[in-house]
Amino acid sequence: MQSRTKEDQPIKRPRGRPRAYEPETALRLAAGAFWKAGYAGTSLDDLSAATGMNRPSLRAAFGDKHDMYVKALRDYWERQFTAVRQAFETGETLPDALAKVYDASLSIYFSNDGEVLGCFVVGTALTEAAGDSEIREIVADGFRKLDADFEARFKRALKAGELKRGTDAKALALLASATLHTLAVRARSGTRRNELRKLARKAIAVMCG
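Small disclaimer: the values here were computed from a predicted structure and weren't measured.

Criteria and thresholds
- Residues numbered from 1 in each chain as written.
- Predicted model: local features only at pLDDT ≥ 70, side-chain atom pairs only at ≥ 80, totals over all residues.
- Heavy atoms only, no water.
- Core = buried A, V, L, I, M, F, W, Y, C linked by side-chain atoms within 4.5 Å.
- Buried < 20%, exposed > 50% of the residue type's maximum accessible area, 1.4 Å probe, protein only.
- Helix = DSSP H or I, 4+ residues; strand = E, 2+ residues; numbered from the N terminus.
- Phe/Tyr/Trp six-rings, centres within 6.5 Å; stacked < 30°, edge-to-face > 60°.
- Lys NZ or Arg CZ within 6 Å of the ring centre and 35° of its normal.
- Expected span 1.5 Å × (residues − 1).
- Contact = heavy atoms within 4.5 Å.

J.: What's the story with the nonpolar core in this structure? I'm lost.
T.: Buried together is how nonpolar side chains tend to be arranged in soluble globular proteins. Formed by 62 residues in total, the largest nonpolar core has its most connected members in Leu73, Leu98, Tyr102, Tyr109, Phe150 and Phe154. Of all the elements in the fold, those that place two or more residues in this core are helix 1 (23–37), helix 3 (55–62), helix 4 (65–90), helix 5 (94–109), helix 6 (120–129), helix 7 (133–159), helix 8 (169–188) and helix 9 (193–207). Sorting elements by how many residues they give to this core places helix 4 first, with 11 residues.

Dropping the structure here:
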């Protein structure tokens, strides 16, 4: 009997699902589809194409289209919170911490292979929030958490003497959050990243006095 050559041997394929079927990866790929076209403009076929999963697999993994969007929205918020909190922990001074927050956010807004998508929440969720109570609450809760994180950092700076006594930490927190949203809107509308970085630095100068 003739022995098989190496080339004749059957190919051993790795077990398990391909990377696109890993829940976290598939969810991020689905989020990318929503991010580009919005919730209403994204079909199940679009999601299937983006993730490499057929409709039954998508439903089994994430539920219906709305369920998938909600999961993607929650995941995005968590990534945003993590980026903000890491910036606050690593920034030695208040201006440095704020600069890190805005730079990290710009990295998200401009991260899609040169295609600028802005903020997932601002770009896709605000439109749906008007008629969807679940999405509206997720968006509102996310804004509250961001405001609270900013306020805590400003209070820390106030206690450390980085801000003048009597400074309204809550008002500054709202201004800091508003700056973040402004960067997101302007990124999506075509403003260049370096221009937005300059805008953020000017806002920081105002907030830090």
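J.: For this particular structure, what's the right way to read the packing of aromatic side chains?
T.: Given two aromatic rings, one states the distance between the centres and the angle between the planes to describe the pair. For the structure on display, the rule yields 10 aromatic pairs. Their ring planes at 40° and their centres at 5.6 Å tell us that Tyr76 and Phe120 sit as a pair that is tilted. Here Tyr76, found in helix 4, pairs with Phe120, found in helix 6; they are 44 residues apart in sequence, far enough to count as distant. The exposure classification of Tyr76 matches that of Phe120, with both residues buried. Ring-pair connections join several aromatic residues into one group, and the members of that group are Phe34, Trp35, Tyr39, Tyr69, Tyr76 and Phe120. Just above the ring of Tyr39 sits the side chain of Lys65; from NZ or CZ to the centre is 4.5 Å.

J.: Would you mind showing me how to read helix 1 here?
T.: In an α-helix, one turn spans 3.6 residues, which is why side chains three or four residues apart end up on the same side. The first and last C-alpha atoms of helix 1 sit 21 Å apart over 15 residues, in line with the 21 Å expected at 1.5 Å per residue. Listing the buried residues of helix 1 in full gives Thr25, Ala26, Leu27, Ala30, Ala31, Ala33, Phe34 and Trp35. For helix 1, the elements touching its buried residues are helix 2 (44–51), helix 3, helix 4, helix 5, helix 6 and helix 8. Where helix 1 ends, the next residue or the one after it, Gly38, has phi of about 85°, a positive value.

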